[in-house]
Amino acid sequence: MLKYALKRILLMIPALVGITLISFAVMRLAPGDPTDLVTNLNPQAGQQARIRLREIYGLDKPIHLQYWNWLKNLARLDLGRSFSPDRRLVKDKIFERLPITLALNVASLAIILAITLPLGLWAATRAGGVFDRVSTVVVFICFAAPSFWLALLGMWLFGARLGWLPTSGLTSLNFQTLGPWDKFLDLSRHLAMPIIISSLGGLAGLSRYLRSNTLEIIRQDFLNTARAKGLPERLVIWKHALRNALIPVITILGLSVPGLIGGSVIMESIYAIPGLGQLFYMAVMGRDYPVIMGGLVLGAVLTLMGNLLADLGYALVDPRVRDSAFR
Amino acid sequence: MRFREGLKKTLANRLALMGGLVVLALFAVSWLAPVISPHDPNQMEIRLRLRPPGTPGHLLGTDSMGRDVLSRLIWGSRISLKVGFVAVGLATLIGLALGAVAGYRGGLIDGLIMRFCDLMLCFPSMFLILTVIAILEPSIWNVMVVIGLTSWMGVARLVRAEFLSLMTRDFVLAARAQGASACRIIWRHLLPNAMGPVLVTATLGVAGAILMESSLSFLGLGAQPPTPTWGAMLTEGKDHLARAWWLSLYPGLAILATVLSYNLLGEGLREAFNPHNAARQG
């Protein structure tokens, strides 16, 4: 197992190099260069200042050297300083926000799993029935509804009309004065809407997948064997079928990482949650290139890690893969 | 003929049929926009600001600048259609080209194309698209092109897989034995047989592209004002959430109906074209 994990991690290295190449290319192939922004906005910046800035950022060097220097800095997590007025290190800006986004996405994944597992299995065991059809339509509607629209409706209903939930931010103003339990409650009240709404869009993929997967398994011989030896149908489905249907879910969860991270841009912007998505959005609006670069690379790396975890998880739970992985 | 049979099966599926009809209706609405739209979508009437639905002359109310919501919805359908066609058309072309080359040539070229594909899939598309939009100017054309450039991977993988399996079939071997050129084999024998699944992916892709465009327009990075788009209309709705709920309701419903219809149609096509199901039913 350890050997397999090591091999998978080593295989990530070329992918990481590729990610940095694409990120670099996207930024450098664009017309104009990052110093334009600083100089164009400042009428006092003359040609001299422009040249000096280009030197500072290394833009006067040939492109492969620029890439190499950037890569060397990246390896030390040195992403430079933000262009925004606070001039802070990009590394600090990103890493102080990362835990919030990760926590939100993990919570969304947990909700998606909690809903889709029973839903998909239930629909599959009664394929073609009323429940199957209704649940299919409902998850499709959830998938088709734009998350920012649901967020707006939620803010209007639960925030403006009913006044049950706060509509923005992570904590209330008096957060520091609260006790530990009240702090937790306050956080949950702020995060309930963003987490639930961002998980709605993910229901369709997983529940449909589970349904078709379970349908396939139900037809297999080993389930007939289980029935033939007298197991009640309940056990046949919830034990034998479920276990086999569950395994590929890990892969789907891994694949849903980029969508969730991308979606956090919208959710965090609407609900004013200080996470990675909001930072990225603000960086895009302000053309804060160092932060955009950092966010882009980090987004891809997170996806890569998601895939790695999914692969390792797969190897852990599926004996067929596990055994070949040991070899 | 597999293709016609597939279409027939799709039409027999009630949900897919419904989706198809709504899509057709949308085509008609956007084509007839100048005729059926009750007002100029950008005509402002300052005296009639934020009127609720049911106001005489303004069936779905007016926005904060006194523009007719229904007219803006109708004209907004044009943008969503355009996005669907341009973005998905571009993505499908790129995917077809790369997938065909990878599947037909195999070897090193195949490996390179597929690794590139894997890498592109690593980037959250929202991040990639936002990055490019930040470098270029936010405009609806940029958005469409960028969505196209970042969503071809599914088609490429699919076409490659179809090609690999088709190339082992007898009719392709026969064509090859007759000395048909690579171009001819690809155009006449491989591509037509791979089009079913590509059509499915493209239909579902339209839904995704419309959602993405509306998100970007909502964030202010898509079509620029005063162009009426559903996403941008929702941005406005956000500013008047407490006073004018209708501004936040209708554009979202329009997006929901459109995306849902394309998805249902796509799923119907998928089920109809899936040889797995055909074997089961037959």
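Because the structure is a prediction, the values reported are computed rather than measured.

**Student:** I keep staring at the overall build of chain B and nothing clicks. Help me out?
**Tutor:** When helices and strands are counted, chain B shows 13 helices and zero strands. Going residue by residue from the N terminus, the α and β elements of chain B occur as α-α-α-α-α-α-α-α-α-α-α-α-α. Taking the principal axes of the C-alpha coordinates as reference, chain B spans close to 75 × 45 × 30 Å. Looking at chain B as a whole, 48% of its 282 residues qualify as buried. Intrachain contacts of chain B at a sequence separation of at least 6 include 70% that bridge at least 24 residues.

**Student:** Before we go on, may I ask you to explain the interface of chain B and chain A in this structure?
**Tutor:** When the parts come together, some accessible area is lost, and that loss is often what is quoted as the size of the interface. Listed per partner, the contact involves 35 residues of chain B and 36 residues of chain A. Those elements that provide at least two residues to the side of chain B that touches chain A are helix H5 (107-122), helix H6 (125-135), helix H10 (182-218), helix H11 (230-239) and helix H12 (245-273) of chain B. Ranked by residues supplied to the side of chain B that touches chain A, first place goes to H6 of chain B with ten residues. Per-class residue counts for the side of chain B that touches chain A are 26 nonpolar, eight polar and one charged.

**Student:** I'm lost on the confidence of the model for chain B in this one. Help?
**Tutor:** Atom-level detail of predicted coordinates should not be read off regions where pLDDT is low. Scored by pLDDT, chain B has a mean of 86; 96% of the residues are at 70 or more. Below a pLDDT of 50 lies the segment residues 278-282 of chain B, which in the model reaches zero contacts outside its immediate sequence neighbourhood of four places, other chains included.

**Student:** Sorry if this is basic, but what is going on with helix H1 (residues 2-28) of chain A here?
**Tutor:** Residues separated by three or four positions in an α-helix point in the same direction, a consequence of the helix having 3.6 residues per turn. Helix length check: H1 of chain A (27 residues) gives 39 Å between terminal C-alpha atoms against 39 Å at 1.5 Å per residue, within 8%. In the structure, H1 of chain A departs most strongly from a straight axis at Pro-14 of chain A, where the bend amounts to approximately 25 degrees. Listed as buried for H1 of chain A are Ile-19, Thr-20, Ser-23 and Met-27 of chain A. Each element contacted by the buried residues of H1 of chain A is listed here: helix H4 (63-75) and helix H13 (289-317) of chain A together with H5 of chain B.

**Student:** Would you mind going over the nonpolar core with me for this structure?
**Tutor:** Where a protein is soluble and globular, its nonpolar side chains tend to be buried together. By size, the foremost hydrophobic cluster in this structure holds 141 residues, and its most contacted members are Ala-151 and Phe-280 of chain A together with Leu-130 and Val-259 of chain B. Here the element with the most residues in this core is H12 of chain B; it accounts for 15 residues. With sequence-adjacent residues up to four places away left out, Ala-151 of chain A is seen in contact with Ile-197, Met-267, Ile-270 and Tyr-271 of chain A.

Cut-offs and rules
Residues numbered from 1 in each chain as written. Chains lettered and ligands numbered in written order. Predicted model: local features only at pLDDT ≥ 70, side-chain atom pairs only at ≥ 80, totals over all residues. Helix = DSSP H or I, 4+ residues; strand = E, 2+ residues; numbered from the N terminus. Buried ≥ 20, exposed ≤ 12 C-beta atoms within 10 Å, placed from the backbone. Contact = placed C-beta atoms within 7 Å. Nonpolar A, V, L, I, M, F, W, Y, C, P; charged D, E, K, R; others polar. pLDDT = per-residue confidence, 0-100. Expected span 1.5 Å × (residues − 1). Bend = angle between axes of the 7 residues up to and from the residue. Core = buried A, V, L, I, M, F, W, Y, C linked by C-beta atoms within 7 Å.

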